[in-house]
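Structural overview for review
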Amino acid sequence: MPDRALRPDGLRRPLTWADRGLQPSRVDVVDLRRAVVAVEFLTDEQASRYGAFYGAPARAELERFFFLDDADREKVQAKRRAHNRLGFAAQLTTVRFLGRFMPDPRQAPHEVAEYLAEQVGIADASVTAASPG
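Reference entry: report on the structure contained in this document. (Residues numbered from 1 in each chain as written. Predicted model: local features only at pLDDT ≥ 70, side-chain atom pairs only at ≥ 80, totals over all residues. Heavy atoms only, no water.)

1. Describing the overall build of the chain
When you go through the chain residue by residue, the secondary structure sums to five helices and zero strands. Going from the N terminus to the C terminus, the chain shows its helices and strands as α-α-α-α-α. A buried classification covers 26% of the 133 residues belonging to the chain. Taking contacts inside the chain between residues at least 6 apart in sequence as the whole, the part at least 24 apart equals 56%. With an accessible surface of roughly 9700 Å², the chain has 53% of that area assigned to carbon and sulfur atoms. (Helix = DSSP H or I, 4+ residues; strand = E, 2+ residues; numbered from the N terminus. Buried < 20%, exposed > 50% of the residue type's maximum accessible area, 1.4 Å probe, protein only. Contact = heavy atoms within 4.5 Å. Areas by Shrake-Rupley, 256 points an atom, 1.4 Å probe, with all protein chains shown as cover.)

2. Some remarks on the packing of aromatic side chains
Scanning all chains against the criterion turns up four aromatic pairs. An angle of 70 degrees between the planes, with centres 5.3 Å apart, marks the rings of Phe65 and Phe97 as edge-to-face. Within this pair, whereas Phe65 is found in helix 2 (residues 59-65), its partner Phe97 is found in helix 4 (residues 82-98), the two being separated by 32 residues in sequence. Grouped by ring-pair contacts, the aromatic residues Phe53, Phe65, Phe66 and Phe97 constitute a single cluster. (Phe/Tyr/Trp six-rings, centres within 6.5 Å; stacked < 30°, edge-to-face > 60°.)

3. As for the environment of Glu118
Looking at the element boundaries, Glu118 is found in helix 5 (residues 110-120). Residues Glu118 and Leu86 lie 32 residues apart in sequence; the distance between their C-alpha atoms is 10.0 Å.

4. A look at the nonpolar core
Counting residues in each nonpolar core, the largest one holds 20 residues, and the members touching the most others are Phe53, Phe66, Val112 and Leu116. Among the secondary structure elements, those contributing two or more residues to this core are helix 4 and helix 5. It is helix 5 that provides the largest number of residues to this core, a total of six residues. In this view, Leu116 contacts Phe66, Leu68, Leu86, Ala89, Ala90 and Thr93; residues no more than four positions away in its chain are not counted. (Core = buried A, V, L, I, M, F, W, Y, C linked by side-chain atoms within 4.5 Å.)

By themselves these figures say nothing about function.
Okay, here's the thing in C-alpha cells:
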C-alpha cells in the first residue's frame, strides 16, 4: 500500500505532501479564518445587495426561511428578555436567508420581525428597538 510506505524518518504512517516531494496546490490549502466570497463576477449593484435585505421577503420566503421549528423555539425561549428572544430569532433565521449574520438584528425588515414575534409570542415586534446597540 503506497500511502503506508516507509517514510524517510523510518516511521510507518501515511506519507505527507512533503514526504512525496510535492507542494500542495492553492486549491488544496484552505484557510477558513480568511474565507472570502468572490464577488468579482458580480456587478457593483449585485455586490452591494449581497448578504443584505433588499426589501421585505415575500410570504413564501418568510414561511420557508423564517419559520421556527420546535428546536429553534426552544433555543429562542432560553433567552431571558423579549428583545433578546426576538433578536436571537432574527439572527437565527436571517443567516438561513442571507447566508450571513447581521451586524445588528434591528436591520431586519419589519415584516420579518412581526412574523418572528408572532411565532415567539411577543405582542410588539418593535421590542428589538430596546435592544442595546
